[in-house]
Amino acid sequence: MRRFLQRHVSQVALSPSLALIAIFLYGFIAYTAAVSTTNSKAFPRFDNFVGLEQYWRLFHTPRWHVAFTNMFLFGGLFLLITILLGLLIAILIDQRIRAESFFRSIVMYPMAMSFVVTGIIWQWLLNPTLGIEVMVHQLGFTSFRLDWLTNPDTVIWALVVAAFWQGCGLVMALFLAGLRGIDEDIWKAAAVDGIPAWRVYVFIVIPMLAPVFLTVVVLLSLSIVRAFDLVVALTNGGPGVSSDLPSVFMFDMAFRRTNLGLSAASAVVMLGTVLAILIPYLYVETRERA
Amino acid sequence: MIDIRISNCNKNYGSLRVLKDINLEIERGEFIVLLGPSGCGKSTLLHIVAGLDRLTSGAIEIGGRDVTDVEPKDRDIAMVFQSYALYPTMSVRSNMEFGLRMRGKPMAEIRPLVEEKARMLHIDHLLDRRPSQLSGGQRQRVAIGRALVRDPRVFLFDEPLSNLDAKLRASMRTEIKKLHQSLGTTAIYVTHDQLEAMTLASRMVVMKAGEIQQVGKPEEVYHRPVNLFVADFLGNPGMNFMRGHIRLDGGHISADIGAAILPLDGYAFEAAPADGQAVVVGLRPESIQPISGLTSGGGAFTLTLRPTLIEHTGSDNLVVLAMGDEEIVGKFPTDMLPKLGEPVTVGFDLGRLSLFDAESERRI
Ligand SMILES: Nc1ncnc2c1ncn2[C@@H]1O[C@H](COP(=O)(O)OP(=O)(O)OP(=O)(O)O)[C@@H](O)[C@H]1O
Ligand SMILES: [Mg+2]
């Protein structure tokens, strides 16, 4: 017994947390998947197996389509804008500017706030009677209109801007760390070779940051799939359901519309989406290590 | 013809004076090695010549042109870095081509040039690989190749071999030497490896704390160091130092070092010695040998001393000899090893002796 303990001390120490993970993570994933094959309403019941019917219903619910499309629309725009501007800000800060830590803090501050606070701040800023629109009007540009929150076609931009505001700091910090990690001598060699700075960035430095890009994309993608509080605080899915995201849809079905079966099906589809992002990432990561 | 002229060059980082009034003139085709302990400002001086660091005051001329305010790319130099500094996302070929492409040279001219230099450095079979797929030695060849294709007026090397193992370092050293002999391009080479400095340099520059101590041919610096620092810095094992004072009597000059009186009549004094002047006598281990192994000339001087320790280094043997309260080290051939504790007669090659003023530490 003692020898067993000595040899397997790390396994023994880890086993309680492994057991907890097994139950509360994988157990409940399995439980959710099971619920999605039933016709549960307000409470999970397993006496009414319906097979894949909930999935069939899910894909025939227009609101789910709006939510699912929004996720990709919001996600795509958010990824693109956050990565491009985050990288740009990191490059600007990397120019050994004065008061660097001041600018760094400004960009990083929003990160310290919860999405709920971010959502409320931007709700005020984008409110036509309180925020930016009023400010611009006071400057004399009375024809200026900023109706993102009330226009179903543009409400997605409100989400993108607020999420960017929040996520930019992290992305900037990751890129800045990557830029600072690049060997000074590469810059010197490029200076001697006579390569202009922008070309060094485009052809040498940014390609060297590929692992950072991968990390950033995965982190942001996960936050896109999970985005819930931001939508609830900023638009509450509205106007109508035009800014719905799958997480909001799932919450709504489970707790307001007492349609647990359908909600579980949407949860499983979301999990599938996450895995579709994660598995290639893990594959690349483990292959690089090997 | 002077190729590089460094005049009254100073470099400060805040209040830290990294380079102090450096003056150096380098002839066309010379291979100058900057040697000195870590932190003495060798890299800084090299970066200033390259234009990567701005100097606080002074001027740099390359090829008769004042380049003090000229960008690195317009100085007609190429540089090889200790960390190789290859562009990791590009193939070896692109690494070598990139600088030329940036200068607007047509691809039709670049291709054959890159291939020729690659063959010269035996890296032509590696052209399509990435730097990460190369060994350290191969990477350094590529870095040298990248500098070579530019066909610059001046090559700058910052400790290019210090990341390589001893054997590879020795063979790369020979190759760099051959390369320089065939190209004849002016080069400045930074190292803190004495062997590299001695073998490569046409002239070497010994630095200490931002100041040039001595400039000269390697033999000259080795055998006639201008001060105690240079004498001590060069040579492995280091020079033996014996404290004593000068004796002048009846036209004869000698140094009294307690355990012996060394005649100095054959010594070429740089400054007239005074009677009783405190001095440090320096003698390299290879100038202390068993009497029969001593190369004649300079007047052999013998002493009988007791060996206290023998170290075998492979080719030579270091014999520690007790002399009064001090110990000195001699280099003995293997077939003439003394027995420990049994006094042995050793010869001092006084023709190779160096004499320093004890106070100013300068050669006299
Ligand atoms: N950017 C900098 N800011 C402040 N001090 C610096 C800077 N760069 C170098 N120094 C200082 O200048 C001195 C000389 O540095 P340098 O790199 O030239 O030394 P080195 O002779 O090349 O040493 P090594 O053999 O270790 O490479 C050192 O004391 C170093 O701390
Ligand atoms: Mg250095």
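Residues numbered from 1 in each chain as written. Chains lettered and ligands numbered in written order. Predicted model: local features only at pLDDT ≥ 70, side-chain atom pairs only at ≥ 80, totals over all residues. Heavy atoms only, no water.

The name an unreviewed UniProt entry assigns to chain A is ABC transporter permease, from the organism Pleomorphomonas carboxyditropha. Taken from UniProt, the Subcellular location (unreviewed entry) comment for chain A reads in full: "Cell membrane". Per UniProt, chain A carries the Sequence similarities (unreviewed entry) text "Belongs to the binding-protein-dependent transport system permease family." (UniProt positions renumbered as here; feature names shortened; annotations may be inferred.)

A.B. asks: Explain the overall build of chain A here, please?
C.D. replies: For chain A, the count of helices and strands is 14 helices and zero strands. Along chain A, helices (α) and strands (β) appear in the sequence α-α-α-α-α-α-α-α-α-α-α-α-α-α when read from the amino end. Viewed in the frame of its principal axes, chain A has a C-alpha envelope of about 75 × 75 × 30 Å. Scored against the burial criterion, the 290 residues of chain A give a buried share of 40%. Counted over contacts in chain A with a minimum sequence separation of 6, partners at least 24 positions apart contribute 70%. When the accessible surface of chain A is split by element, carbon and sulfur atoms take 71% of a total near 16,100 Å². Looking at chain A, you have 19 positive and 16 negative side-chain charges, and the mean spots of the two groups are 9 Å apart. (Helix = DSSP H or I, 4+ residues; strand = E, 2+ residues; numbered from the N terminus. Buried < 20%, exposed > 50% of the residue type's maximum accessible area, 1.4 Å probe, protein only. Contact = heavy atoms within 4.5 Å. Areas by Shrake-Rupley, 256 points an atom, 1.4 Å probe, with all protein chains shown as cover. Lys, Arg positive; Asp, Glu negative; His and termini not counted. Charge placed at Lys NZ, Arg CZ, Asp CG, Glu CD.)

A.B. asks: Quick question: what am I supposed to make of the interface of chain A and chain B here?
C.D. replies: Facing the 17 residues of chain A at the interface are 21 residues of chain B. Between chain A and chain B lies a buried interface of about 1,600 Å² when both sides are counted; carbon and sulfur atoms form 69% of it. Across the contact surface, chain A and chain B share one salt bridge. Close ionic contact of Asp193(A) with Arg150(B) constitutes a salt bridge, the shortest N to O distance being 3.1 Å. If you list the elements that add at least two residues to the side of chain A that touches chain B, you get helix H9 (184–193) and helix H10 (197–208) of chain A. For the side of chain A that touches chain B, the element with the most residues is H9(A), which contributes eight residues. When its residues are assigned to classes, the side of chain A that touches chain B shows eleven nonpolar, one polar and five charged. (Buried area = accessible area lost by both parts, 1.4 Å probe. Salt bridge = Lys/Arg side-chain N within 4 Å of Asp/Glu carboxyl O. Nonpolar A, V, L, I, M, F, W, Y, C, P; charged D, E, K, R; others polar.)

A.B. asks: How should I be thinking about the environment of Leu100(B) in this particular structure?
C.D. replies: Residues and elements named next belong to chain B. Inspection of the secondary structure puts Leu 100 in helix H2 (residues 92–102). The spacing of Leu 100 and Asp 265 is 165 residues in sequence and 61 Å in space, taken between C-alpha atoms. Apart from residues no more than four positions distant in its own chain, Leu 100 is found in contact with Lys 105, Ile 110, Leu 113, Val 149 and Arg 150.

A.B. asks: I would appreciate a short explanation of the pairing of strand S12 (residues 252–256) of chain B in the present structure.
C.D. replies: Residues in a regular strand project their side chains so that they alternate between the two faces of the sheet. All names here are of chain B. Burial runs high along S12: four of the five residues are buried. Pairing between strand S11 (residues 240–249) and S12: five bridges, direction antiparallel. Residue pairing for S12: Ile 246 is matched across the bridge by Ala 255. Hairpin remark: S11 followed by S12, antiparallel, with two residues in the connecting loop; positive phi at Gly 250, about 55°. Both S12 and strand S13 (residues 261–263) contribute to a ladder of three bridges, which runs antiparallel. Among the inter-strand pairings, Asp 256 is bridged to a residue of S13, identified as Ile 261. Counting the residues that bridge the hairpin from S12 to S13 gives four residues, and of these Gly 258 lies at a positive phi of roughly 85°. (Pairing = 2+ DSSP bridges.)

A.B. asks: Hey, could you run me through the nonpolar core in this one?
C.D. replies: Looking at soluble globular proteins, one finds that nonpolar side chains tend to be buried together. One finds Phe74(A), Phe175(A), Ile6(B), Tyr87(B) and Leu156(B) to be the most contacted residues of the largest nonpolar core, which totals 97 residues. Ranked by the residues each element gives to this core, the list is headed by helix H8 (residues 155–180) of chain A, at 13 residues. Apart from the residues lying within four places of it in its own chain, the contact partners of Leu156(B) are Leu46(B), Val49(B), Ala50(B), Ile77(B), Ala78(B), Met79(B), Val80(B) and Ile188(B). Within the second largest apolar cluster, 44 residues are counted, among which are Leu127(B), Phe157(B), Leu200(B) and Val221(B). (Core = buried A, V, L, I, M, F, W, Y, C linked by side-chain atoms within 4.5 Å.)

A.B. asks: Which parts of the structure should I look at to understand the UniProt feature "transmembrane region" (unreviewed entry) in chain A?
C.D. replies: Look at the UniProt record and you will see "transmembrane region" (unreviewed entry) annotated at residues 12–34, 71–94, 106–125, 155–179, 200–225 and 260–284 of chain A. Annotated as residues 12–34 of chain A, this span is 100% helix and 0% strand, and its ends, taken at the C-alpha atoms, are 31 Å apart.

A.B. asks: So what exactly am I meant to see when it comes to the UniProt feature "domain: ABC transmembrane type-1" (unreviewed entry) in chain A here?
C.D. replies: On the UniProt side, "domain: ABC transmembrane type-1" (unreviewed entry) is annotated at positions that read residues 68–281 of chain A here. This span, residues 68–281 of chain A, is 73% helix and 0% strand, and a straight line between its end C-alpha atoms measures 22 Å.

A.B. asks: What should I look at first to understand the state of the cysteines in this one?
C.D. replies: Structurally, a disulfide amounts to a covalent bond that connects the sulfur atoms of two cysteines. All names here are of chain B. What the rule picks out here adds up to zero disulfides over all chains. No disulfide involves Cys 40; its sulfur sits 14 Å from the nearest other cysteine sulfur, which is in Cys 9. Under the relative-accessibility criterion, Cys 40 is labelled buried at 2%. (Disulfide = S-S within 2.5 Å.)

A.B. asks: What is the right way to look at the site of ligand 1 in this model?
C.D. replies: Residue and element names in this part refer to chain B. Near ligand 1, the surroundings consist of Tyr 13, Val 18, Ser 38, Gly 39, Cys 40, Gly 41, Lys 42, Ser 43, Thr 44, Glu 159 and His 192. A distance of 3.2 Å separates an oxygen atom of ligand 1 from a polar atom in the backbone of Cys 40. Protein burial of ligand 1: of its 630 Å² of free accessible surface, 59% is covered by the chains. Take the shell around ligand 1: its biggest share by element is three residues, from helix H1 (residues 42–50). Along the lines of polarity and charge, the residues of the shell around ligand 1 split into three nonpolar, six polar and two charged. (Near = heavy atom within 4 Å. Polar contact = N/O pair within 3.5 Å; in protein donor to acceptor, adjacent residues only side chain to side chain.)

A.B. asks: Help me understand the pairing of strand S6 (residues 77–80) of chain B in this model?
C.D. replies: All names here are of chain B. Across the two faces of S6 the burial is the same, with Ile 77 and Met 79 and Ala 78 and Val 80 all buried. Across four bridges, the pairing between S6 and strand S7 (residues 154–158) is parallel. Bridging from a neighbouring strand, Val 80 pairs with Phe 157 of S7.

A.B. asks: Any chance you could explain the sheet that holds strand S10 (residues 211–216) of chain B here in plain terms?
C.D. replies: Residue and element names in this part refer to chain B. Taken in spatial order, the six strands line up as S6-S7-S8-S3-S9-S10 in an open sheet, and their pairing is mixed. Two strands close off the open sheet at either side, each with one partner strand: S6 and S10. Here the strands of the sheet are splayed against their neighbours by 15° on average, with no regard to which way each runs. Together, S6 and S7 form the strand contacts of helix H4 (residues 136–149), whose direction differs from that of S6 by roughly 175°. (Axes fitted to C-alpha atoms, helices over the stretch in contact; angles between N-to-C directions.)

A.B. asks: Where do I start with the packing of aromatic side chains in this structure?
C.D. replies: Where two aromatic rings form a pair, the distance of their centres and the angle of their planes describe that pair. Throughout the structure, instances matching the rule amount to 23 aromatic pairs over all chains. Here the aromatic rings of Trp187(A) and Tyr201(A) are separated by 5.1 Å at their centres, their planes lie at 65°, and the arrangement is edge-to-face. Linking Trp187(A) in helix H9 with Tyr201(A) in helix H10, this pair joins segments that are 14 residues apart in sequence. With centroids separated by 5.0 Å and ring planes inclined at 55°, the aromatic side chains of Phe228(A) and Phe251(A) adopt a geometry described as tilted. With Phe228(A) in the loop between helix H11 (210–226) and helix H12 (229–234) and Phe251(A) in helix H13 (residues 246–255), this pair connects stretches of sequence that are 23 residues apart. Through a chain of ring-to-ring contacts, the aromatic side chains of Phe24(A), Phe28(A), Tyr31(A) and Phe46(A) assemble into a single cluster. Over the ring of Tyr13(B) we find Lys11(B), and its NZ or CZ is 4.9 Å from the ring centre. The ring of Tyr87(B) carries the charged tip of Arg146(B) above its face, separated from the ring centre by 4.7 Å. (Phe/Tyr/Trp six-rings, centres within 6.5 Å; stacked < 30°, edge-to-face > 60°. Lys NZ or Arg CZ within 6 Å of the ring centre and 35° of its normal.)

A.B. asks: I would appreciate a short explanation of helix H5 (residues 166–183) of chain B in the present structure.
C.D. replies: Helical periodicity: at 3.6 residues per turn, an α-helix aligns residues three or four positions apart in one direction. Its 18 residues place the ends of H5(B) 26 Å apart at the C-alpha level, agreeing with the 26 Å of an ideal helix rising 1.5 Å per residue. On its buried face, H5(B) sits against strand S3 (31–35), helix H3 (107–120), H4, strand S8 (186–191) and helix H6 (194–200) of chain B. (Expected span 1.5 Å × (residues − 1).)

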